[in-house]
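Residue-level structural notes
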Amino acid sequence: MIEVVQGDITALAVDAIVNAANTALLGGGGVDGAIHRAAGPQLLAASRALGGCPTGEAKLTPGFRLPARWVIHVVGPLWRGGRHGEPALLENGYRRSFELALEQEARSIAFPAISTGVYGYPKRQAACVAVGVMREYEPRFERIVACCFSADDARLYQEVLERGVPGDETPEDAPESGP
Ligand code: APR
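Every chain begins its residue count from 1, and numbering advances along the sequence as written. The model is predicted, so local features are restricted to residues of pLDDT at least 70 and side-chain atom pairs to those at 80 or more, both for listing and for counting; the totals for chains, interfaces and linings are taken over all residues. To obtain the side-chain values, all non-hydrogen atoms of the structure were used and water was disregarded.

For two strands to be treated as a pair, DSSP must find no fewer than two bridges joining them. The helix count covers DSSP runs of H or I at least four residues long, the strand count covers runs of E at least two residues long, and both are numbered beginning at the N terminus. Across the sheet, six strands lie side by side as S1-S6-S5-S2-S4-S3; this open sheet has mixed pairing. Across the chains shown, the open sheet's two edge strands, defined by having one partner strand only, are strand S1 (2-6) and strand S3 (58-62). Sheet twist, expressed as the mean angle between neighbouring strand axes with direction ignored, is 25°. As paired elements, S3 and strand S4 (residues 70-75) share five bridges and run antiparallel to each other. When the sheet's bridge partners are listed, Ala-58 is paired in S4 with Val-74. By definition, residues are in contact when any of their heavy atoms lie within 4.5 Å. A fitted line through C-alpha atoms serves as each axis, taken over the contacting stretch for helices, and the angle formed by two N-to-C directions is quoted from 0 to 180°. Here helix H2 (residues 41-48) sits on the sheet and contacts S3 and S4; the angle it forms with S3, its principal contact strand, is near 140°. Of the strands in this sheet, S1, strand S5 (108-111) and strand S6 (143-148) touch helix H4 (residues 123-137), which is tilted by about 165° from S6.

This is the structure in structure tokens:
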């Protein structure tokens with residue numbers, strides 16, 4: 001089941017939370033900073049030992065002081081206008097996060113809106129990519145949480161979830177063409 005939650009991902013008691021990290025994996029601002037603060041200093045030591053992570057890829061550490069057992073650090077693409085492979089990199093980041101969670105037999109996972117903060121990815125386009133991959137992995141998890149920090153983001157995710165991701169409409173439920 002996919003659910004939209006508004007709030008702080010560090011408080012969620014799920015098996016794995018996903019961190020919107022950078023290639024150095026040494027912490028940062030945004031959700032990266034929040035997760036490191038909540039997990040404690042062992043997270044930085046564990047992240048440092050990973051030796052960085054390429055954009056579009058993900059790596060796993062324990063959650064330490066977090067309620068979540070695992071943190072999956074994913075590096076989303078910096079938005080550069082959309083013609084530098086950003087959608088494919090973002091999609092791969094979600095997919096790799098799910099695959100790492102499955103390797104640990106995680107049954108619940110929560111994602112922030114990767115790349116839509118500092119990295120400037122347009123929110124709706126990012127939500128469509130995210131929901132498309134979430135739908136693909138939905139049968140293999142008990143809970144998939146889209147954890148939105150703002151009410152606007154939560155409304156956007158709810159809308160994308162209800163409307164479906166463009167391109168996966170079946171003819172009968174495709175929106176009426178305008179007048
Ligand atoms: N819980 C859930 N979501 C959060 C939280 C939180 N505690 N804090 C921020 N967010 C949301 C932001 O509102 C945004 O919607 O996470 C989303 C991703 O924003 P960023 O954290 O800025 O991540 P991103 O855009 O992927 O940029 C990554 O920012 O913090 C640095 O080290 C990080 O260099 C990397 C870059």
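Next up on the list: unusual backbone geometry. Backbone phi values are negative for most residues with the exception of glycine, while trans is the configuration of most peptide bonds. In this structure, Phe-64 takes a positive phi of about 50° despite not being glycine. Relative to the helices and strands, Phe-64 is located in the loop between S3 and S4. Each residue's exposure class comes from its accessible area (1.4 Å probe, protein chains only) as a fraction of the maximum for that residue type: buried when under 20%, exposed when over 50%, partly exposed otherwise. You can call Phe-64 partly exposed: its relative accessible area is 31%. Although it is not a glycine, Glu-105 adopts a positive phi angle of roughly 55°. Within the secondary structure, Glu-105 sits in the loop between helix H3 (86-103) and S5. Judged by relative accessible area, Glu-105 falls into the exposed class, the value being 68%.

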